[in-house]
Amino acid sequence: SAKLVPEAYGVRPSFKQVNFDTDPNWEEGLAAFKPDIVFALNVYNWLTDKERFLRFLARFPVVILEGHDDYETEVERLTRYAPGECRLVSVSERGRPLLICTRS
């Protein structure tokens, strides 16, 4: 998904891999990376501290997320900390919603 979505939008992303559960300073490292768009594909369900991750995502103007739950549940999660607009882009091969959210 991380490669297919950028192709659909015609962009060339840089990737950074982080272990959210073992790196206590992951927020600073990712924020220093200064992404224009944050891709969170198949991540949320596996995190220990889900609220910390959502607060971090709320910092960025554009987030693309592959959810694990239904569309409405994923939108509620993503807009809890930063109101904005989310729309369904597609559904993954596993039937998961793929959303793009922009912060207000």
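Residues numbered from 1 in each chain as written. Predicted model: local features only at pLDDT ≥ 70, side-chain atom pairs only at ≥ 80, totals over all residues. Heavy atoms only, no water.

Caption draft 1: Representation of the layout of surface pockets in the model. Approximately 790 Å³ is the volume attributed to the largest pocket. Residue lining of the largest pocket: 29 residues in total, with Ser-14, Phe-15, Lys-16, Val-38 and Phe-39 positioned closest to the centre. Elements supplying a minimum of two residues to the lining of the largest pocket: helix 2 (26-33), strand 1 (38-41) and helix 3 (50-57). Tallying contributions element by element places strand 1 first for the lining of the largest pocket, with 4 residues. Among the residues making up the lining of the largest pocket, the classes are represented as 21 nonpolar, 4 polar and 4 charged. (1 Å grid on protein atoms, 1.4 Å probe; cavity = no way out; pocket = protein on both sides within 12 Å on 5 of 7 lines; lining within 4 Å. Points joined across faces, edges and corners; volume = space filled by probe spheres on them. Helix = DSSP H or I, 4+ residues; strand = E, 2+ residues; numbered from the N terminus. Nonpolar A, V, L, I, M, F, W, Y, C, P; charged D, E, K, R; others polar.)

Caption draft 2: Representation of unusual backbone geometry within the structure. Positive phi values are uncommon outside glycine, yet Asn-42 reaches one of about 60 degrees. Here Asn-42 is to be found in the loop between strand 1 and helix 3. Judged by relative accessible area, Asn-42 falls into the partly exposed class, the value being 27%. (Buried < 20%, exposed > 50% of the residue type's maximum accessible area, 1.4 Å probe, protein only.)

Caption draft 3: Inspection of empty space enclosed by the protein at higher detail. Tallied over the entire structure, the rule returns 1 cavity of 30 Å³ or more. Taken as a whole, the largest cavity encloses approximately 130 Å³ of empty space. As for the largest cavity, its lining consists of 17 residues, of which Leu-57, Val-63, Leu-78, Ala-82 and Cys-101 are closest to the centre. Of all elements in the fold, only helix 3, helix 4 (71-79), strand 3 (84-91) and strand 4 (97-103) reach the threshold of two or more residues within the lining of the largest cavity. Across the lining of the largest cavity, the residue classes break down as 11 nonpolar, 3 polar and 3 charged.

Caption draft 4: Region of interest: helix 2. Regarding helix 2, the residues found buried are Trp-26, Glu-27 and Leu-30. Taken down its axis, helix 2 places every buried residue within 95 degrees of arc, on the same side. Summarising the contacts, the buried residues of helix 2 are in contact with helix 3. The positive-phi residue at the C-terminal boundary of helix 2 is Lys-34, with phi of around 55 degrees. (Arc of directions from axis to C-beta. Contact = heavy atoms within 4.5 Å.)

Caption draft 5: Here's a closer look at the packing of helix 2 against helix 3. Contact pair helix 2 / helix 3: the axes reach a minimum separation of 11 Å and the direction vectors enclose 20 degrees. Between helix 2 and helix 3, the angle is such that the two are roughly parallel. Read as a crossing pair, helix 2 and helix 3 show a hand that is right-handed. For the pair helix 2 and helix 3, contact is made by Trp-26, Glu-27, Leu-30 and Ala-31 and by Arg-52, Phe-53 and Phe-56, respectively. Split by residue class, the contact of helix 2 with helix 3 holds 5 nonpolar, no polar and 2 charged. (Axes fitted to C-alpha atoms, helices over the stretch in contact; angles between N-to-C directions. Parallel < 35°, antiparallel > 145°, perpendicular 65-115°, else oblique. Left-handed = near helix turned anticlockwise from the far one by under 90°.)

Caption draft 6: Seen up close, the sheet that holds strand 2 (residues 62-66). Overall, mixed pairing links the 4 strands, which are arranged 1-2-4-3 in an open sheet. The sheet is open, and its two edges are formed by strand 1 and strand 3, each paired on a single side. In this sheet, adjacent strand axes meet at a mean angle of 15 degrees when their direction is disregarded. In this sheet, strand 4 lies alongside strand 3 in antiparallel orientation, the contact comprising 7 bridges. Bridging from a neighbouring strand, Glu-85 pairs with Thr-102 of strand 4. (Pairing = 2+ DSSP bridges.)

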